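If you want the building blocks of each chain, they are given just below.
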Amino acid sequence: MINYESAVGPFSHSENSSVRIMYTVILTLLPAVVFGIYQFGQNSALVILTCCLSAVVTEYLCLKVMARNTMACLDGSAFLTAVLLAMSLPPTTPVWVAVLGSVFAIVLGKQIYGGLGQNLFNPAMLARVMLLICFPVEMTDWAAPTPIDFSNNQIVIPEQWFLVDGVTSATALGESAQSLYVQNLFFGRQAGSLGETSAFLILLGGLYMIRKGIIHWVIPMFFFLGLGLPAFFASLFSPEQFLPLATHLFGGAAMLGAFYIATDLVTSPTSIKGQMVYGACCGLLVWLIRSFGSYPEGVAFAVLIMNSATPLIDHYLRPDIFGSRVATVEEK
């Protein structure tokens, strides 16, 4: 356990610490990560391990250069950034791309701002956008799922499971609406990024975090409203042009974005009203980018745009100070 000693008091304490929160979030992601490895093969595990090792080593070196406590590299924040980045990468991502993305996330996404709790943008999404812009071919090489077959009382591991290269396939957001099935989308039986394909497992992890008080339900709820309402009405009036609601909610990184990325405690607003605006705008931007942009997936871009707007949202929608004239009048 990393011991962060506070300099001044008094303080209000809860059972959650930053270290405990980080590792709890990682544990809730493990089912989706394991499912991704099961779906896409051993290269998925290699991508995850590469991201984690690169992120922790980079954080250690940054802390050493800045003459800070190097044990803080194990506080879970670097691991969580690495896992979120790995989950947003294609299963066939080259190792050098994973290393470059992890180093970028830690150095330019986190430590350059001062370290844990001071970054303006979500480090994992910042790295993903950088990789997508710089290496579009490697970042859009989607592999078709080749899961292990447990039928007929035997275990059959497909040939592609052991290969670095896979059979390419279109993602759910790149296919026509007629060929999509809600069940396949919800349970992750389609091509996509390494760990974001199973909406069901990510939903379970998100609900567990809400139950434990790690995240608040406001941002995910308004994220889905901001994404779902325009998707529903657009597909209702022009189904040949716009993807249906289920595709937007269960396809791509919508679930991962709503529960794990947009809810980042550092880069999201602090007030409830601010979180409503933030979540709704994130969802709306995702729909706009998916429907009219050049990229089929817009979660990373939407979150980064709203990260930059968070200080402005906090400024105009901050809660009244306890004991102030306005708060006292409202209470009376």
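Because the structure is a prediction, the values reported are computed rather than measured. (Residues numbered from 1 in each chain as written. Predicted model: local features only at pLDDT ≥ 70, side-chain atom pairs only at ≥ 80, totals over all residues. Heavy atoms only, no water.)

### What to know about the side chain of Q275
Thinking step 1. With respect to the helices, strands and loops of the structure, Q275 is situated in helix 12 (residues 272-292).
Thinking step 2. Residue Q275 is classed as buried on the basis of its relative accessible area, which comes to 11%. (Helix = DSSP H or I, 4+ residues; strand = E, 2+ residues; numbered from the N terminus. Buried < 20%, exposed > 50% of the residue type's maximum accessible area, 1.4 Å probe, protein only.)

### Quick word on unusual backbone geometry
Thinking step 1. Located in the positive-phi region is A67, a residue other than glycine, with phi close to 60 degrees.
Thinking step 2. Residue class for A67 comes out exposed when judged on its relative accessible area of 71%.

### Here's the deal with helix 3 (residues 77-87)
Thinking step 1. The buried fraction of helix 3 amounts to ten of the eleven residues, a majority that puts the element mostly inside the structure.
Thinking step 2. Residues of helix 3 that are buried: S77, A78, L80, T81, A82, V83, L84, L85, A86 and M87.
Thinking step 3. Looking at the buried side of helix 3, the elements it contacts are helix 1 (18-40), helix 2 (42-65), helix 4 (95-107), helix 5 (123-134) and helix 11 (254-261). (Contact = heavy atoms within 4.5 Å.)

### A few points about the packing of helix 3 against helix 4
Thinking step 1. The N-to-C vectors of helix 3 and helix 4 enclose an angle of 135 degrees; their axes lie 10 Å apart at closest approach. As judged from the angle between their axes, helix 3 and helix 4 are oblique. Taken as a pair, helix 3 and helix 4 cross one another with a handedness that is right-handed. For the pair formed by helix 3 and helix 4, the contact residues are A78, T81 and L85 on the first element and G101, S102, A105 and I106 on the second.
Thinking step 2. Per-class residue counts for the contact of helix 3 with helix 4 are four nonpolar, three polar and no charged. (Axes fitted to C-alpha atoms, helices over the stretch in contact; angles between N-to-C directions. Parallel < 35°, antiparallel > 145°, perpendicular 65-115°, else oblique. Left-handed = near helix turned anticlockwise from the far one by under 90°. Nonpolar A, V, L, I, M, F, W, Y, C, P; charged D, E, K, R; others polar.)

### A word on the state of the cysteines
Thinking step 1. Tallied over the entire structure, the rule returns zero disulfides.
Thinking step 2. C51 supplies the cysteine sulfur nearest to C52, a cysteine that is in no disulfide, at a spacing of 6.9 Å. (Disulfide = S-S within 2.5 Å.)

### Here's the deal with the packing of aromatic side chains
Thinking step 1. This structure, assessed with the given rule, holds nine aromatic pairs.
Thinking step 2. Aromatic pair W96 and F135: ring centres 5.1 Å apart, planes at 85 degrees, arrangement edge-to-face. Placement of W96 in helix 4 and of F135 in the loop between helix 5 and helix 6 (136-139) is noted, with a sequence separation of 39 residues between them.
Thinking step 3. Classification of W96 by relative accessible area gives partly exposed; the value is 45%.
Thinking step 4. One aromatic cluster is present, built from ring pairs that chain together F223, F224 and F259. (Phe/Tyr/Trp six-rings, centres within 6.5 Å; stacked < 30°, edge-to-face > 60°.)

### What to know about the pattern of salt bridges
Thinking step 1. For the coordinates displayed, the defined rule picks out two salt bridges.
Thinking step 2. Between K110 and E59 there is a salt bridge, with the nearest N and O atoms lying 2.8 Å from each other. Here K110, found in the loop between helix 4 and helix 5, pairs with E59, found in helix 2; they are 51 residues apart in sequence, far enough to count as distant.
Thinking step 3. Salt-bridge contacts for E297 lead to R290; the nearest nitrogen and oxygen are separated by 3.0 Å. Both residues of the pair, E297 and R290, belong to the buried class. (Salt bridge = Lys/Arg side-chain N within 4 Å of Asp/Glu carboxyl O.)

### Here we look at the side chain of S235
Thinking step 1. One can find S235 in helix 9 (residues 218-237).
Thinking step 2. Since its relative accessible area comes to 15%, S235 is described here as buried.
Thinking step 3. Within polar-contact distance, the side chain of S235 engages the backbone oxygen of A231 at 2.9 Å.
Thinking step 4. Among the polar contacts made by the side chain of S235, one reaches the main-chain carbonyl oxygen of F232 at a distance of 3.1 Å.
Thinking step 5. For S235, the residues in contact, after removing those within four places along its chain, are F242, L243, P244 and L245. (Polar contact = N/O pair within 3.5 Å; in protein donor to acceptor, adjacent residues only side chain to side chain.)

### Describing helix 2
Thinking step 1. Taking 1.5 Å per residue as the helical rise, helix 2 with its 24 residues ought to reach 34 Å, and the 35 Å between its terminal C-alpha atoms agrees with that figure.
Thinking step 2. Two residues or fewer past helix 2, A67 is found with a positive phi of approximately 60 degrees. (Expected span 1.5 Å × (residues − 1).)

Geometric descriptors of this kind do not, in isolation, establish any biological role.
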